[in-house]
Structures are given as structure tokens and as C-alpha cells.
Amino acid sequence: MDRDLSDNDSVVDLSFEAESPPAPPAELLERLTSCDWLLQGGGQQIFFPPLEAPGRPLEQRCWSSFMEHRVPMVTEEVAREALLSFVSSKCCYGRAAAGDLVIQKLKQQTLCRYRLETFTESRISEWTFQPFTNQSVDGPQRGTSPRLWDIRVQVPPMFQEDMRKFQVPHSSLVKGCHKCRGRGRYKCSGCHGAGMVRCPSCSGAKRKAKQSRRCQMCSGSGRRRCSTCSGRGNKTCATCKGEKKLLHFIQLVIVWKNSLFEFVSEHRLNCPGELLAKAKGESLFKDESTMVYPIVDFPLREISLASQRGIAEHSAALASRARVLQQRQTIELIPLTEVHYWYQGRTYVYYIYGTDHRVYVVDYPERYCCGCTII
């Protein structure tokens, strides 16, 4: 029978060790008067940002001058070259059809795509810890912790998401490790501290069933060295790394997020909307500020309504839990062409979309294997 350790042994008997060490009990961390406002109501707190002054309303614009700008029309030659380029990129599409087809009709339409981006910063505070290795302790005795929104940090480039963590000044304290109770190690759960386990080959019988020879795996002893602890009977505490103490401190977690609202104007052609949302377009209008205002007089009323809806949605979802650093709204022109062509007695259709002439094929006549679609 495997040996167990008594209660007086200097290791803690743990049946397992979690992959991620749990937080210490709340009563372990004494109240820090200078940090009370950091952790109101629990171990984690989201802090509302201070209100920002609203930006200036969007000036009245003469949209007719904007709309006079037109994306070049797709000709039959451009339509054929776009299809040939697409077919060449597909191993199971033949080039003969693309080279010999007869274009019957081009139906062209220019769409408008509205996008609203809102770049925000949110701040969360939480208790965390790390092994204490006699490093300097920046505790409340050194001063009062600053308010989270008063901590100055380097903001990443606008509209680029990021996440960083910082130690809040003057919030540190040292306590014994709650996982191993300050001993630095714990009893191995594989051998219960004995260092040896029953031989898995002979099940401790020293020889295998119906064999007179002694077990070769354990050399007839019936026991083998525990592989979990390498025969030591205990393991170093993974929470404190054997240091016995932990440095607890309040951590500031800052998340920069770019929220996107997108709308593509209605079209009468049969090209999937998800392709048009990703299509490359030509910029028609761009407005960037701390706070943008809705577009109200655009010639396409659905774009004006989309602008109002997007700004309202972002305001309702983000303003109460994050600081808005910058907003950007754009309108792009997306060309879309439906190409009807004849090949070997049948009529087929494909679509050319975006200023880079991407192709979406509905039913190509020379496809040698199944499962190929353009996205």
C-alpha cells in the first residue's frame, strides 16, 4: 500500500492543481483605504469614462458635386479580361469558355457603401498576483493610488485594436501563497507523497499472471518511481513557483476597440451582399472627428437613414461603458456589373464588382470538379 504523509508534513495535500490558479479568498486581502474606489462591489470593476464635450455638427454640403464623380464603366473588353483572370486562378476552370464566349448584355449599377467606425477605450480594474521574489513593493504606504482614468498611457494608432495591462501604483501587498498555504510545494497526487506507485505492468504482484518470471518493468519489486513527481513525493507549487509568498496588486486592463457599422445601398442585381460589403470601392466622402454627426441630406435617403441609425446604435451601445476617442464615417462608390454571355447554345451570367474588378461566377460552363466558388 502506498505511503501517505501525516498532517505534520510540510506540504499540502491537494488532489489536483488547476491549470489557472484561482483567485485568493477575499478575506486574505485586507482593505486598502487608498484603493477602495478601485474595486467597488467586488474583485473586478468597470469604470465609466468622464463625459466628453460633443463635436461640432456636420456642415451643410453640396452633394451634387460629390455625385458628379463617377466610377469608370466596365466595357466588354474589361469584362472578358476580368473573367479570364478569375479562371486562371482556379485549377478546375477551363479557359476555353472565357476566351470564346459572346457577351450579350452588360447591366451596370453603382452602389453606395456607408461605414461608421467608432474607436473606444474601456478600463477595468482587477486583483491579480505574481510570485514574490523580494522585489520592491509599491504599497499604500507610498501614496494614494490614482483614479483609473487619471493614469496616462500611450494610445495606439486610431482605429487599431489593442489590449494592455498595467500595475496600478501604490496598490501592492505581500501575502503567503493561498494555494500551498505558504509552503512552496504540495503533495504529489499521483503517489500521495510516497514517491513510488504500484507497477502498472504486474499491478504490484511482482510477476505477471501465469508467468513464473519476475516482472521486468519493476524488476520484481512491484513498485515503480512515480512519473508525476519523478519520485520526489511532492511538486513545486505552480502558483508561487516555490517562493511561498505572492505579490498581490490591482491591475488596470485597457481595451481599445474599433466598432463597425456598415450598410450597402439597395441594388437590383443578384450578387451576394457579403461580397459587396468587402468589395474595394472609391472614396466619395470621409468625415472624422471625436464625434461625427448624422448625414441628413444625401441624395440617397437610405444612406442618410443608415448614418442616423449607425450613430444612434454606437452611442447607445458604447457611450455608457467606454470612452469614445474617435469616430469616422465614409461613403464609397461600389461598381457592380452583371454580365450576360452566350456559350455553346446556352446563356450564362457572372458578376464584376469593386474597383479592382473581382468576379463572382454563378454557373461557369467549363468546371471540371465540384466545390469551387468565388468568395
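Above: the structure in question.
Read on for a plain summary of the structure. (Residues numbered from 1 in each chain as written. Predicted model: local features only at pLDDT ≥ 70, side-chain atom pairs only at ≥ 80, totals over all residues. Heavy atoms only, no water.)

A few points about the pairing of strand 3 (residues 102-131)
Along a regular strand, successive side chains alternate from one face of the sheet to the other. By the bridge criterion, 19 bridges tie strand 3 to strand 12 (residues 323-343) in an arrangement that is antiparallel. Along strand 12, the bridge assignment pairs T120 with V324. Inspection of the sheet shows strand 3 paired to strand 10 (residues 245-264) by 19 bridges, in the antiparallel sense. Along strand 10, the bridge assignment pairs L116 with F261. (Pairing = 2+ DSSP bridges. Helix = DSSP H or I, 4+ residues; strand = E, 2+ residues; numbered from the N terminus.)

Comments concerning unusual backbone geometry
It is generally the case that most residues other than glycine have a negative phi and that most peptide bonds are trans. Not every positive phi belongs to a glycine, and N134 is a case in point at roughly 65°. Tracing the backbone through its elements, the reader meets N134 in the loop between strand 3 and strand 4 (162-167). The exposed category is assigned to N134, whose relative accessible area is 69%. Of note, H170 is a non-glycine position whose phi angle comes to about 65°, a positive value. Note on placement: H170 falls in the loop between strand 4 and strand 5 (173-176). Looking at H170, the relative accessible area reads 18%, which means it is buried. (Buried < 20%, exposed > 50% of the residue type's maximum accessible area, 1.4 Å probe, protein only.)

So, helix 5 (residues 301-318)
If you check helix 5, its first and last C-alpha atoms are 26 Å apart, about what 18 residues at 1.5 Å a residue would give, namely 26 Å. At its buried positions, helix 5 is contacted by strand 3, strand 10 and strand 12. (Expected span 1.5 Å × (residues − 1). Contact = heavy atoms within 4.5 Å.)

Describing the state of the cysteines
All told, the structure shown has zero disulfides when counted by the stated rule. Among the cysteines around C237, which has no disulfide bond, C240 carries the closest sulfur, lying 3.8 Å off. C240 forms no disulfide, and the closest cysteine sulfur to it belongs to C180, at a distance of 3.8 Å. (Disulfide = S-S within 2.5 Å.)

Observations concerning the nonpolar core
Counting 22 residues, the largest nonpolar core has L83, Y350, I352, V359 and Y364 as the members making the most contacts within it. Going through the elements one at a time, helix 2 (76-88), helix 3 (95-100), strand 12, strand 13 (346-353) and strand 14 (358-361) are the ones with two or more residues in this core. When residues in this core are grouped by element, the largest group, six residues, is from helix 2. Ignoring sequence-local partners within four residues, the contact set of Y364 consists of L83, V87, Y93, G94, R95, A97, A98 and Y341. (Core = buried A, V, L, I, M, F, W, Y, C linked by side-chain atoms within 4.5 Å.)

Some remarks on empty space enclosed by the protein
By the definition in use, this model includes one cavity of 30 Å³ or more. Of the volumes computed, that of the largest cavity is approximately 30 Å³. In terms of lining residues, the largest cavity is bounded by V74, P335, L336, T337, I352, Y353, G354 and H357. Elements with a minimum of two residues in the lining of the largest cavity: strand 12 and strand 13. Top contributing element to the lining of the largest cavity by residue count: strand 12, with three residues. A class-by-class count of the residues in the lining of the largest cavity yields five nonpolar, three polar and no charged. (1 Å grid on protein atoms, 1.4 Å probe; cavity = no way out; pocket = protein on both sides within 12 Å on 5 of 7 lines; lining within 4 Å. Points joined across faces, edges and corners; volume = space filled by probe spheres on them. Nonpolar A, V, L, I, M, F, W, Y, C, P; charged D, E, K, R; others polar.)

Focus on the packing of aromatic side chains
As enumerated under the stated definition, the model contains seven aromatic pairs in all. With centroids separated by 5.5 Å and ring planes inclined at 25°, the aromatic side chains of Y341 and Y348 adopt a geometry described as stacked. The class for Y341 is buried, based on a relative accessible area of 1%. Look at Y348 and you get buried, because its relative accessible area is 8%. Through successive ring pairs, a cluster of aromatic residues spans F86, Y93 and Y364. (Phe/Tyr/Trp six-rings, centres within 6.5 Å; stacked < 30°, edge-to-face > 60°.)

Description of the environment of K235
Tracing the sequence through the fold places K235 in strand 9 (residues 234-236). Residues K235 and Y186 lie 49 residues apart in sequence; the distance between their C-alpha atoms is 5.6 Å. Contacts of K235, omitting those with residues within four sequence positions, involve R185, Y186, T228 and C229.

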